[in-house]
Amino acid sequence: MNLYARYVGWLYFKYFVILFIALTLFYVGIDILTNLKDMPASANLKLLYFGLTSLTAVNYVLPLALIFALITSKFSMIRSNELVSFYALGIDKNRLIKPPFYIALAITLIYVGLNFTPFAYAYEYGRNIVKLSNLSRTSSDIFLKFEGKFVYMDSLNPISGEAKDVRIFDIDSSNLRSATFGESGKFIDDAWLLKNAKIVNLPQNIKLGEKGLDIKTPSELKTLENFKPKTIESASAESSAITIPDAVDYILAFKDEGIGLNSTKTTLYNLTFAPFFAPFMVLIIYYFLPITGRFFNLALKSFIFTIASLCVWGALFVMMRFARNGVVSPEVGVLLPIILLGAYAFYLRFGSR
C-alpha cells in the first residue's frame, strides 16, 4: 500500500473511531436518562442493559459515523492544505477516495454479517430487561396458521424452544380432519417434538355403523417441521427485531398463508441493503468537497454537508417506515433509494471525468 493511502486511510479510521464512540455514548446516555425510572434493581441486569443498549446504538450511529468521519477528515486535510498538496503531487482524485471508501465498505460488510447473529436481537433483549426484568420473554396464547394447519400454543419460550399446551388442527376447506394435542413441545432437529401427545382423527364420512373417532396416544410425536420458535414468536408479537436467517425463514414459512409480509421484508432489506447507504454517501460527498479553503467558508460547507447527510438518512428512515406500514412496497421504500444512491455514487466515480 502506498504511503499516501496509509495516511489517508488511518486519518479516516481515526476520526471514525472517535465519532463512533462519541455518538454511541451519547445514544446510551440519552436512553439511560429516559428509562432510568424503569431500570431493574439488579446491578447485573443494569450492566447487561447498558451493553445491549450500546449494541442497539450501532444500528443508528454506525452509518452516521462513517459519513461524518469522511467530512471531518477531509476538511481537516483541506484546512492544513494537505488535500491540495496531494493533488499537486499528481495523485488522482479517484485514488485518494479509495482508502476511506474501502474502510467504510469493510465496516458495513462486518455490520451486515453481525445481523446474521443474535446481535440483531439486542434491542429486544434490552426492552425485555426494562419491562420484565428478564432477558427473555415468554409469549402466550399464540394462534397461527402454518401449512394449512391451525396451531395454538399456550406459552412459548423462543430462546429455549419450549412450548406448553400445543394444539394442532388440520382443516380441509371447512372440515376438521384431525386434532393433535400435546402437553409440551420442544423444537429439536428442525421439528417440534410433542410429549404425551394425543391425535384425534375425525371420520370424513359420518354414517351410522361406520368407524368413528380414531384416537392415538403416542408418548412422543414429531410434527411441524421447519416451524422455528423465533418465526412463531415474530409472527405473534410482530417484532421488528429479527436476524437475516430468521427473516428468510419467516417469509418462506408464511408466503402461502395469505398474511402480510411487508414488515418482515422491510426488516430484511434494512438489515442487508440499507447499511450500504453509508459507503455510497461517502463517495457522493467526496466529489462535492472543495479542494482548498481559500475561496470557501469551510465551517459553513461542513455544516451543509452534515445537514445534507442527516436529511438523506432521515428520508431513508421515513421511506422504511412507509414500507413497514404498507404505504409503499418494501422494494420501493428500501431497495430503490439504495440502488439510486449507489448508481449516482458510481456515476460520480466513473462517469463524470
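The structure we're discussing is the one just above.
Would you take a moment to explain the overall build of the protein for this structure?
Secondary structure assignment for the protein yields 12 helices and eight strands. A compact globule built from 353 residues would reach a C-alpha radius of gyration of about 20 Å, whereas the protein, at 27 Å, exceeds it by more than 25%. Projected onto its principal axes, the C-alpha coordinates of the protein cover approximately 100 × 50 × 35 Å. Taken over 353 residues, the protein has a buried fraction of 45%. In the protein, of all internal contacts separated by at least 6 residues, the share reaching a separation of at least 24 is 62%. Carbon together with sulfur atoms contributes 61% to the accessible area of the protein, which is approximately 18600 Å² in total.

So what exactly am I meant to see when it comes to unusual backbone geometry here?
Glycine aside, the phi torsion of most residues is negative, and most peptide linkages are trans. At D165, a residue that is not glycine, the phi angle is positive and equals roughly 55 degrees. Take D165: it is sitting in strand β3 (residues 162–172). With a phi angle near 50 degrees, N196 is a residue other than glycine that sits in the positive phi range. Checked against the element boundaries, N196 lands in the loop between β5 (191–195) and β6 (198–201).

Sorry, what's going on with the pairing of strand β1 (residues 139–146) here?
Remark: a regular strand shows side chains that alternate across the two faces of the sheet. Across seven bridges, the pairing between β1 and strand β2 (residues 149–157) is antiparallel. In the strand pairing of β2, F143 is matched with Y152.

How should I be thinking about the nonpolar core in this particular structure?
Generally speaking, nonpolar side chains in soluble globular proteins are found buried as a group. One finds L96, M153, W192 and F227 to be the most contacted residues of the largest nonpolar core, which totals 92 residues. The dominant element in this core, judged by the number of residues it contributes, is helix α2 (residues 43–79), at 16 residues. Apart from the residues lying within four places of it in its own chain, the contact partners of F227 are L144, F146, V151, F187, W192, I232 and F254. Membership of the second largest hydrophobic core comes to six residues, among which are M320, A323, V334 and L335.

Teacher, can you tell me more about helix α6 (residues 122–132) here?
Within an α-helix, residues lying three or four positions from one another point in the same direction, as the helix has 3.6 residues per turn. Every buried residue of α6 is listed here: A122, E124, Y125, G126, N128, I129 and V130. One or two positions beyond α6, positive phi appears at S133, with a value near 55 degrees.

How should I be thinking about the packing of aromatic side chains in this particular structure?
Two descriptors summarise a pair of aromatic rings, namely the distance from one centre to the other and the angle between the planes of the rings. Taken as a whole and assessed by the stated rule, the structure comprises 20 aromatic pairs. Where Y111 meets F119, the ring centres are 6.1 Å apart and the plane angle is 90 degrees; that geometry is what we call edge-to-face. Just as Y111 is buried, F119 falls in that class too. Ring centres of Y286 and Y287 lie 5.2 Å apart, and the angle between their planes is 80 degrees; this geometry places the pair in the edge-to-face category. Taken together, the ring pairs connect F101, Y102, F280, F346 and F350 into an aromatic cluster.

Rules used in this analysis
Residues numbered from 1 in each chain as written. Predicted model: local features only at pLDDT ≥ 70, side-chain atom pairs only at ≥ 80, totals over all residues. Heavy atoms only, no water. Helix = DSSP H or I, 4+ residues; strand = E, 2+ residues; numbered from the N terminus. Rg over C-alpha atoms; globule rule 2.2 N^0.38 Å. Buried < 20%, exposed > 50% of the residue type's maximum accessible area, 1.4 Å probe, protein only. Contact = heavy atoms within 4.5 Å. Areas by Shrake-Rupley, 256 points an atom, 1.4 Å probe, with all protein chains shown as cover. Pairing = 2+ DSSP bridges. Core = buried A, V, L, I, M, F, W, Y, C linked by side-chain atoms within 4.5 Å. Phe/Tyr/Trp six-rings, centres within 6.5 Å; stacked < 30°, edge-to-face > 60°.

Read these as spatial facts, not as claims about activity.
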